[in-house]
Each structure stands twice: as structure tokens, then as C-alpha cells.
Amino acid sequence: MSLPTSQKPVQTIPEATILFAGDSGDGMQLTGSQFTLATALARNDLATLPDFPAEIRAPAGTTYGVSGFQLRFGSEHVRTPGDEVDLLVAMNPAALKVHLPRVRPEGAIIVNADAFTKRDLELAGYDHNPLENGSLASYRVFEVPLTTMTREALKDSGLNQKEIDRSKNMFALGLALWLYSRPMQPALDWIEQKFGKKPEIRDANIHLLKKGYHFGETTEDFVVRYEVRPARLQPGTYRAIRGAQALAFGLVAASQKSGLPIFYGSYPITPASDILHELSRLKTFGVMTFQAEDEIAAVGAALGASFGGALGVTATSGPGIALKGETLGLAVMTELPLVVINMQRGGPSTGLPTKTEQSDLLQALYGRNGEAPMPVIAASTPGDCFDAAFEACRIALTYMTPVILLADGYLGTGAEPWRIPRTADLPDIPVSFVTKPNHTANGTARFLPYVRDEQTLARPWARPGTPGLEHRLGGLEKQHETGNVSYDPANHEYMTRLRAEKVERVARDLPPTPLFGDPAGDLLVIGWGSTRGSIEAAVQRARERGLKVSSLHLRYLNPLPPDLPEIFARFDRLLVPEINNGQLVRVLRERYLLPFIPLNKIQGLPFRAAEIEQAILDLLA
Amino acid sequence: MADSPKGKKPTLPPGMQPGKKPTLPPQPAGKRKPGSPPGVAAGTTRPVLPPDTGGDGASAHLTRKDFASDQDVRWCPGCGDYAILATVQRLLPELGVPRENIVFISGIGCSSRFPYYMETYGMHSIHGRAPAIATGLKASRPELDVWIITGDGDALSIGGNHLIHILRRNLNVQILLFNNQIYGLTKGQYSPTSEQGKITKSTPYGSIDYPFNPISLALGAHGTFVARTMDRDPKHMKEILRQAHDHPGTGFVEIYQNCNIFNDGAFFPFTEKDTKPERALFIEHNRPLTFANGTRGLRLDGWRLQVIDLQGGDWSIDDCLVYDETSRELSGLIGRMFWEPDLPQPFGVFYREERRTYEDLLHTQIEGLIEKRGRGDLDALLHQGDTWVIED
């Protein structure tokens, strides 16, 4: 549709961060995702962060029940969902109370003025009405009687009071779209598709969306509206993608490119369950999903499927990895491919299940009994989860090894525009099952399950059902080549070194480690996982100040890429920000004997770019 | 269950003399349903057999020897495990399953060394987890013939959770639970089937743990085939294992197995010829429940079981309870006869029920969806939902 020509001045801004917040029942996730779609179609780059309560149905109107959706969009590359909020849309006092600290000074706040009754204020824990006591003086507050206007607009709609009140988020969406000069059409299309069969609800939503839009134009409260110009994105077809979705898609892509069906064993755990939800819908890709009785069965079944020649995958969070540890050791010993995804969350123990943390790195690297090395990689953005999942499968199948892929809740639920890859461009993952004996002794052909490929040191994969290759695997130490049980001291040392060497050989395939910024300078910021956006945003800002800062983001945590020492040598100082108490920094210090400087945040929250920027400034001041 | 620790060889009630071995129930070898084809699994077509193995009928040419691996069997001399190994190796050639399709999965414990001695595919996994690993294997490769080898500690202690869940899911596998009522590999601690009062290394003053009855446990977990046999009766064992194999679902078999080092004679009342007729009851579908060479029987007195003397003239075989292995009620009642001083210990098939297997349901669902919607297209999946194009 054509937008009404605005009579109000339009101010062009490079980027904006807005946050929709309300009660769980206020439809804020929906409002946020519709605004995101309009923004994507306006060709801005963007990043989103949904933030919903840990409680499933917290009491309405309380701070526990506040659900939020933060979105940052811009005409330049957007790397994070934003440090500070430019516009907060608060549907009730609780939402205002929870999210006010995130609003920048002079930032805008739109509140549903109807929702500030005595009862609402009490539920939110306000002693005084913040709209009346001057506590919001440093913000630009717009009091909009959302409920009243919604009821007025829909009084002839035929809907009942409850249905009418539930629609008020559409008014808010319309207003926000107007304020940032976003197109209304995507939301109109969505309403048509969603409520096409319920004309009265469809018409009510359309009416309300337009009412909100026109309210912005006609009310005298808003003297200016904003515009964010299209970003220069790489040409291609885009979609919005969440990390959990991207992980599922990456696994399916690896399944297709390797010709192996996925067997996904999983036990429900926050925040990894979303991957199970995604994969369980993809059965037409031959994906087998198994909701196991516990974490141990989930990984055990996946390993059993790998023994049978499938692509065994399991995902969990830190507590689940702890339970899976013994089976991971069995996978190391039996040298079967297995992909293990850890959606990290705050720990230890149950910790902060819905909050993000990078505190399972040392667990991934070392958290098993015995010498049990396995490749460990990490995803860095929601879209990157696709590539990371594909790469984890490639390593597992190429080297016949379990692989740990580290992601986290922030990546899993966060979304960003994603340039959809052409599947024809994805590389094949060659897998060949052995079909013939590989050894002759005394004139008899035999299959020796631990004779290795000279390049990768991978052992051959013989599927049960193949005549003549009957063999036994197990957790007891294996004799070199024959795979028979062996207690021979020299053999144990040899096999331990072989298994370690095999994992080290993964490094031979690795591409050069890319740098963000110049190849040399005063400071190199080294990160891994979901901190990428914050780190690069901070480095970008520091560089704009003229500082000689670059950053490097590690995909491969074990083995570490071979080009790191030479890169480290080109920088005077080395800063390692992590959402933990210092884990990668220990690994790097031990490995390279250089004075890596830690920067740690352990609050269950991602870094704000400003925090890293400040650390850079402090170091280079 | 007896309140006091059981003796190794109970004194027979007065007037009872050991008789000869009871006749084994003639059992029809049921036809095994073929495993569902994996369908969607890429590259999982049935391997073409080399000419000399002759396809599906090939195993007819195989003998016990073909199923023995080149590894030295390392159980203690005199261990009951030897008899089970020999019985399985004798049975397999008769089952008509190509050797390469047979997989033995075990956990940890003496019994779990079993796969190393079998010239088949196998995995000696970790403690208690064999059912989990077997579930992944069987679910993804339904055409394989999967056997789980486990023990009382492995299956009922550390692996108890996996055992109950594989039973309720009803994967078409066999579970051979070697019950010796002791931890052997760790050198003699009481197990979850050890009787209360048992003196072991970890219970010098007697165990206070109440034991599991594995049969009741399996029935409670909705097992579809629940049976018990003993190491000292290879003929009975072979027949029961054959039926467990032929059952299209989880074939659960508890095998009383003598640990001659740490728990010698635990089952002698039921397995040795002087006491077996009086203390062991061989149950059989559609047959009256009798023991002691047909001189005694079991009848129902209300809901209680009563031993009746079939020779005194008061009772005849017509008064005996006729067993029905499809009855949940009877299997529960007879399955709960467990170390009762006044009742014999039952052996045989307690319960049998046809229920669709997990792997069948899994692949039927997948294939049904593919038939309805077509095979998944990755490009289409990636482009699902709202997309937008950025042009050069």
C-alpha cells in the first residue's frame, strides 16, 4: 500500500534500538517480530533479542511476567541488539520498571497510560505513579491511552472486550511503524494470512494497525518521525533466522551433503530444546528425533545410531553435558562420529537457565575422565550457527570423532538477517563405509577396525549388516589396529597419543584465521562464541577514534588454528573478553605463554559494546 | 519374599522327595516379523551377500563355531556365563538371521564381556547404558537383530531408567539379564536383587536393601515379552531365548546365573536336581500349573495362590490354574511368586503381548509424512517464510 504522505518532518538517523515490553499476554514477541520483518524489508541490517520470563505463566502485571523484544536496526552493519534503548514501548508499569534502566538518557518512552491504575502500580511494586512523580524527567515520555483508543476503535467490531483488549499491541505496532517510517504492508499481509478465516478479527487488527499509524501522524505529541536508510548488504536472498533454527538447518544440510540420515537424541533442557522442536518438524528430511528418558540415554542413542552408520547428534546445556561425559569418553574410545551441541547457560548446577554464559569451555575441552580429547568449535552469531553445525558434522565424519559445538541461549533465541546459502554451493561431506576386509593374515582376510587413514588418522567405519566385517567395539582400551581389548602398557600410551594426534590433525584443514581490522597494531581483541557482535562493534568504534585495534574471533577452540602465534606476534597487547570468569584466557596463556589480558562479565548478560570499548580505551590510553 | 536370608539348599518339606526333571513345555517357534525397512535412511539398503553365504537362508550353513570369536573367554572357570554363551551360540545358527545382521550390545559387568566372545557385530558400552545405545541402533537400523546383554547391577541399578524405558517403548530387541544377585566384577558387593540380610563385602552386618523382582519390574514397565530361565537348564534357556527372539517387540529374559565365586549356589534350590522339582515351577501357556513331577499344583483360593496335592484325592489337575501368558492379571500374580517359602519359583514365559514397536512407529511416521508431503527439499526449507532480496 502507499503510505500517506507525512506532514511531519523526517529526521534521518543511522540506527535505532527499540524495545517492546509488556505482560506475557500482551503479544510483545509478535509485535517485535512484525516490526523486525518490516525493518528487514526496509533493507536495514538488524539484530534482535527476545527476552521472556523464566516462569511460564507468571502472575499478570508483575515484573516476573514481563516479556520483551529488543531490536536494533541501522543503515550500517548491525552487530548487536544494542546497548541502550532509544525507544521503549511499555504496555504496563511492570514493563516500565524492568526495562527503564536500559533506556538511554533523553530516550523515548511510549506507555499505555490506561495501564497505570493503582492496582497495576501495586502489582509492579511502584509506591508512586512514575508518570506523576517526576522520576522520568530525563526521558521523553509519551502517554498514550492505548486501551481506551483500542476500545473506541473496535466498539463496532463485534469482538468481545477480551478480544478487543488483546488487540492493542497492533495499535502500538502501527504507531512504532509510523515513528520509524517502516512499511505497513508486511504486517497487513501477515494479518491477512493469520486471520483470513476469521474476518472480524482480521478486520479489527487491520483497522487497529492503521489507527496506530495514523495516530502518530495526527497527534501533536510526536513532532518528528525518523528514517533509517537501507544498509549496504551483500546481494542475495535474505531471511530472519534464530540460532536454534540455523543449527537445525545446518544439521539437515550436513545430512544431505553426507548422505547420512540424522539421528537426534535429546532430553528437554533450556535453552537447547528449541533445536529438538525444529528438528522434530523436519521428518520429511528423514530426520529421526528421539526424546530420550534422560541426558545419558539421549547421547547413548545418538552414539548407537552412529555405530549403525547414521549421523548421530545430541544437544543439551551444561548440566546435560556433565551427564553425557561418560558416553563422550566412549565415543572417543570407539572413534565414532558424534555431534554434541552445548547451548550454554549460566552455571554452575542449575544456575541461570534462561541467561547466557560462556562458562562451559573448559568443560568442553577437559570435562571427561582420562585423556579424552575431542574437537571443539563455537558459533558466533545466530546465522553462523548454520555454518558451525555443518562444520561440526564435517569434522566428526572426516575424523571419526565426537565433536562439541558450543553455542548459547543468546545465540539460540537471538535473530538476525541471514543471507540464504545456495545449497548447491555447500561442499559435499564424503563418507565411505568399509565393505571389504582390510587385512590378510595367514591367508585369511580380516577386518581390523583400528587401522587408520594415513592423513586423518580416522579409523574405518564398518556398518553392522556388512558381511565379513563383524567386529566388536567398546570402552576398554583398544589394541592398535586389531581393536582387541589390550592392557599392554606401551599400547595404551601409543593409543592415547594417537587419539590426541588425530584431533590435532583437524588443524591441517583449517582456513586462515580472519582478522577484523588491520593485520597488525597496538591491540588485538580475541573472542569466541556469541561475543562477536559486541567485540566487533567495540573495535569498530575504537578504530573510528583512530586506535590501532583489531579483533579475531575463534571458530576452532580445539585444536587451535596453527596461524595464531604468528598473528599474536603482530600486536603489542592481547585482550580476551569472555562471558565467564576467564576460560579461553587460561587456555591461551598456557598454550602460547603470552600475557593475555582477561576481560570478564559474569552477569548472565551479553557484553555491551561500550563495555569492551571502554576496556580498549583503558588499555590504550 | 522370605523375611530371612534364604539358605542355599532349603530343606524340602516333609514327605517330598526329589524327582526327575520336569518335562519341558513344547513351545511353538513363532514366526518373527521382519524388521521394518529403514526407508528414509540414505545408504541403508540391505547389503548384498557374497555368493557363499547364500542370502537369508545362509545361517543354515553356520554352526556354533561360526559365532565364536577368536578372543579367549575370560570368565572364572565354573561361571554360569559359559552355559549362556554356549546356548546363544547354539541357538543363533537356527534363527535364520544372517550373521552380519546380528549385534550384541552390553553394558559393564561380568556378563557384559559377552559381545567380545561373539563373532558378530557388537559393542561393550558403559555401565547401564546398553539399552540406550541399542535404542539408537535399532531405531535407525530396524533390520538389524539386536541383543542386549546385561546383569542385575547393570540393568537394575545404574541402568534402571533405561531398562524401564526401552520396555515401554517396545523396541524389537532381546534383553538377556544375567541375574547372579551379586556384583562380581567389582568383587562381591550386594546387588539390587540380593536378598535382605545378605552378608557381602559392603554389607558385613547384612544388607538392609529390599530386592527387586526383575519379572515384576519388567511387567510394571509394560514389557511385551517377559520370561525367566536358568543357566543350569540349557534346553529351557534355548527355547525361551528363541521365543524372546521371535517375539516382535522387546524380549526380556531374566536368566538365573550362578556366580560360583561370590554367590555360589544362590539359585541351587531351583536349579539342582534334588530340589528343582519341588522348588521350580515351569509355567506354560494354556497348561495347568503343576510341579513336583505333576504331583502338586497351584490353584486360586480367592485371589491367593494355594499349593494343592494332586495325589491325596482331594484335588485333581482340573482344579489347577491354567496359565494364560496373555493375561496381565495372571502374569502379575505368578510373576510375584518370588522366593516364597511355601511356593515354588516360576520359570518360563510370564507375559506376551503384540504391540507395535518403536522403530516401526518411528519409520511409519516418517514415511507417511514423506508420502504425504514429498521428500524434504533443503532449498525450499531455507527459503521458508518471509524472505527479501538485496540486489546488486
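Residues numbered from 1 in each chain as written. Chains lettered and ligands numbered in written order. Predicted model: local features only at pLDDT ≥ 70, side-chain atom pairs only at ≥ 80, totals over all residues. Heavy atoms only, no water.

**A look at the overall build of chain B**
The condition that has to hold: A run of H or I in DSSP counts as a helix once it spans at least four residues, and a run of E counts as a strand once it spans at least two, with each numbered from the N terminus. Buried, partly exposed and exposed residues are distinguished by accessible area as a fraction of the type maximum, computed with a 1.4 Å probe on protein chains only: under 20%, between the cut-offs, and over 50%, respectively.
When its secondary structure is counted, chain B shows 11 helices and 12 strands. For chain B, the proportion of its 392 residues judged to be buried stands at 57%.

**Section: the domain arrangement of chain A**
Worth spelling out the cut-off: Domain start and end points were adopted from an automatic or database domain assignment.
Partitioning chain A into structural domains gives domain 1 (10-227), domain 2 (239-425), domain 3 (439-501) and domain 4 (515-620). Computed from C-alpha coordinates alone, the two centres of domain 1 of chain A and domain 4 of chain A are separated by 36 Å.

**A closer look at the interface of chain A and chain B**
Quick note on the threshold: Note on contacts: a residue pair is in contact if any heavy atoms of the two residues lie within 4.5 Å. Put simply, buried area is the surface a 1.4 Å probe can reach on two separate parts but cannot reach once they are joined, added for both. Think of a salt bridge as a Lys or Arg side-chain nitrogen and an Asp or Glu carboxyl oxygen that are within 4 Å of each other.
Across the boundary between the two partners, chain A contributes 71 residues, which contact 70 residues of chain B. Between chain A and chain B, the buried area comes to about 5,900 Å², and carbon and sulfur atoms account for 63% of it. By the criterion of area lost to chain B, the three top residues of chain A are Thr284(A), Glu470(A) and Arg472(A), representing 12% of everything that side buries. Viewed at the interface, chain B and chain A are joined by 4 salt bridges.

**Let's talk about helix α12 (residues 318-334) of chain A**
All names here are of chain A. Going by this rule: To estimate the expected span of a helix, count its residues, drop one, and scale the result by 1.5 Å. By definition, a residue's bend is the angle between the axes fitted to the seven residues ending there and the seven starting there.
The end-to-end C-alpha separation of α12 is 23 Å, in line with the 24 Å expected for 17 residues at 1.5 Å each. Along α12, the sharpest kink reaches roughly 55°, centred on Lys324. Counting buried positions along α12 gives 13 out of 17 residues, so the element sits mostly inside the fold. Backbone geometry just after α12 places Glu335 at a positive phi near 50°.

**Here's the deal with the environment of Gly309(A)**
All names here are of chain A. With respect to the helices and strands, the residue Gly309 is situated in the loop between α11 (295-307) and β12 (311-316). With a relative accessible area of 4%, Gly309 lands in the buried category. Distance from Gly309 to Leu336, taken between C-alpha atoms, is 9.3 Å for residues 27 residues apart in sequence. Setting aside its immediate chain neighbours within four residues, Gly309 contacts Leu260, Phe433, Trp461 and Arg463.

**Digging into the sheet that holds strand β15 (residues 402-408) of chain A**
Residues and elements named next belong to chain A. The criterion, for reference: Strand pairing is assigned whenever DSSP detects at least two bridges linking the two strands. The axes used here are C-alpha line fits, helices contributing only the stretch in contact, and every angle between their N-to-C directions lies in the interval 0 to 180 degrees.
Strand order in the open sheet formed by 7 strands is β11-β10-β12-β13-β15-β14-β23, and the pairing between neighbours is mixed. Only two strands of the sheet have a single partner each, and these edge strands are β11 (288-291) and β23 (556-558). Averaged over all adjacent pairs, the angle separating strand axes in this sheet is 20°, with direction ignored. Pairing of strand β13 (residues 338-344) with β15, which is carried by 7 bridges, proceeds in the parallel orientation. Paired with Val339 across the strands is Val403, a residue of β15. Strands in contact with α11 are β10 (262-266), β11, β12 and β13; relative to β12, the strand with the most contacts, it is inclined by about 165°.

**A closer look at the pattern of salt bridges**
Charged atoms that come close allow side chains of opposite charge to pair. Throughout the structure, instances matching the rule amount to 47 salt bridges over all chains. Salt-bridge contacts for Asp384(A) lead to Arg555(A); the nearest nitrogen and oxygen are separated by 2.6 Å. Of this pair, Asp384(A) sits in helix α14 (residues 384-399) while Arg555(A) is found in the loop between β22 (549-554) and β23, placing the two residues 171 residues apart along the sequence. For Asp384(A), a relative accessible area of 11% corresponds to the buried category. We note a salt bridge from Arg505(A) to Glu501(A), for which the minimum N-O separation is 2.9 Å. Placement of the pair is Arg505(A) and Glu501(A) together in helix α16 (residues 489-505), with a separation of 4 residues, close to one helical turn. Judged by relative accessible area, Glu501(A) falls into the partly exposed class, the value being 33%. One continuous salt-bridge network, built from bridges that share partners, spans Glu94(B), Lys238(B), Glu239(B) and Arg242(B).

**Some thoughts on the packing of aromatic side chains**
Let me state the cut-off plainly: Aromatic contacts are taken between Phe, Tyr and Trp rings whose centres are within 6.5 Å, Trp giving its six-membered ring; a plane angle under 30 degrees counts as stacked, one over 60 as edge-to-face, and the others as tilted. Counting as a charge over the ring demands two things of the Lys NZ or Arg CZ atom: a distance within 6 Å of the ring centre and an angle within 35 degrees of the ring normal.
What the rule picks out here adds up to 29 aromatic pairs over all chains. When the ring of Phe290(A) is compared with that of Tyr358(B), the centres are 5.9 Å apart and the planes differ by 85°; the resulting orientation is edge-to-face. Of the two residues, Phe290(A) sits in strand β11 while Tyr358(B) sits in helix α10 (residues 358-373), which places them in two different chains. Note on accessibility: Phe290(A) and Tyr358(B) belong to one class, buried. Judged by centre distance (5.1 Å) and plane angle (55°), the rings of Phe386(A) and Trp418(A) are tilted. In this pair, Phe386(A) is assigned in helix α14 and Trp418(A) in strand β16 (residues 415-419), connecting sequence segments 32 residues apart. Grouping aromatic residues by their ring pairs yields a cluster made of Trp75(B), Tyr82(B), Phe104(B), Phe114(B), Tyr117(B), Trp147(B) and Phe178(B). The ring of Tyr450(A) has Arg459(A) sitting right over it, with the charged end atom 5.0 Å from the ring centre.

**Description of unusual backbone geometry**
Residues and elements named next belong to chain A. In this model, Gly347 is joined to Pro348 through a cis peptide bond whose omega is 0°. Topologically, Pro348 is positioned in the loop between β13 and α13 (361-366). With omega at -10°, the peptide bond leading from Asn558 into Pro559 counts as cis. With respect to the element layout, Pro559 can be found in the loop between β23 and α18 (564-568). With a phi angle near 70°, Glu106 is a residue other than glycine that sits in the positive phi range. Relative to the helices and strands, Glu106 resides in strand β6 (residues 103-112). Despite not being glycine, Ser349 shows a phi value in the positive range, around 55°.

**Regarding the side chain of Gln89(B)**
Looking at where Gln89(B) falls in the secondary structure, it is placed in helix α1 (residues 81-91). Not counting chain neighbours up to four residues away, the residues in contact with Gln89(B) comprise Arg64(B), Phe67(B), Ala68(B), Tyr117(B) and Met118(B).

**Some remarks on the packing of helix α2 (residues 130-140) of chain B against α10(B)**
Residue and element names in this part refer to chain B. Let me state the cut-off plainly: Angles below 35 degrees are treated as roughly parallel, those above 145 as roughly antiparallel, those between 65 and 115 as roughly perpendicular, and all remaining angles as oblique. Whether a crossing is left-handed or right-handed is set by the direction in which the near helix is turned from the far one by less than a right angle, anticlockwise for left-handed and clockwise for right-handed. Residues are sorted three ways: Asp, Glu, Lys and Arg are charged, Ala, Val, Leu, Ile, Met, Phe, Trp, Tyr, Cys and Pro are nonpolar, and all the rest, Gly among them, are polar.
Close contact between α2 and α10 brings their axes to 9 Å; oriented N to C, the two are set at 45°. Classified by the angle their axes make, α2 and α10 are oblique. In this structure, α2 crosses over α10, and the sense of that crossing is right-handed. Along its contact with α2, which presents Lys138, Ala139 and Ser140, the element α10 presents Tyr358, Glu359, Leu362 and His363. Counted by class, the contact of α2 with α10 contains 3 nonpolar, 2 polar and 2 charged residues.

**Re the sheet that holds strand β10 (residues 304-309) of chain B**
All names here are of chain B. The antiparallel open sheet is built from 3 strands, whose spatial order is β8-β9-β10. Each edge of the open sheet is held by one strand with a lone partner, namely β8 (290-291) and β10. Judged from the 2 bridges that link them, β8 and strand β9 (residues 296-301) form a sheet pairing that is antiparallel. From the neighbouring strand, Phe291 faces β9, where its bridge partner is Arg296.

**Thoughts on the nonpolar core**
For clarity, the threshold we go by: To define a nonpolar core, start from buried Ala, Val, Leu, Ile, Met, Phe, Trp, Tyr and Cys residues and group those joined through side-chain atoms within 4.5 Å.
Ranked by internal contacts, the top residues of the largest apolar core, which has 165 residues, are Ile526(A), Phe568(A) and Ile105(B). Setting aside anything within four residues of it in sequence, one finds Phe568(A) in contact with Leu524(A), Ile526(A), Leu552(A), Leu574(A), Leu588(A), Tyr592(A), Leu594(A) and Phe596(A). Counting 57 residues, the second largest nonpolar core, distinct from the first, contains Ala108(A), Met149(A), Leu159(A) and Ala176(A).

**Let's talk about a positive patch on the surface**
As a reminder, the rule being used: Patch membership requires over 30% relative accessible area and the absence of a salt bridge. Like charges are linked within 9 Å, and nonpolar side chains (Val, Leu, Ile, Met, Phe, Trp, Tyr) within 5 Å. All accessible-area figures derive from a Shrake-Rupley calculation using a 1.4 Å probe, and residue coverage is judged against the displayed protein chains alone. The convention is simple: Lys and Arg are positive, Asp and Glu are negative, and His and the chain ends are not counted. By convention, the charge on Lys lies at NZ, on Arg at CZ, on Asp at CG and on Glu at CD.
Together, Lys162(A), Arg166(A), Lys194(A) and Lys198(A) make up a region of like positive charge exposed at the surface. Along the chain, Lys162(A) turns up in helix α5 (residues 161-166).

**Focus on α14(A)**
Taking 1.5 Å of rise per residue, 16 residues should cover 22 Å, and α14(A) covers 22 Å from first to last C-alpha, within 8% of that figure. Within two residues after α14(A), Met400(A) carries a phi angle of roughly 50°, on the positive side.

**So, the confidence of the model for chain B**
Stated formally: A residue's pLDDT is the confidence the predictor assigns to it, expressed on a 0 to 100 scale.
Here chain B shows a mean pLDDT of 88. Residues at 70 or above account for 85%. A low-confidence stretch, residues 1-59 of chain B stays under pLDDT 50, and its non-local contacts, those more than four residues away or across chains, total 110 contacts.

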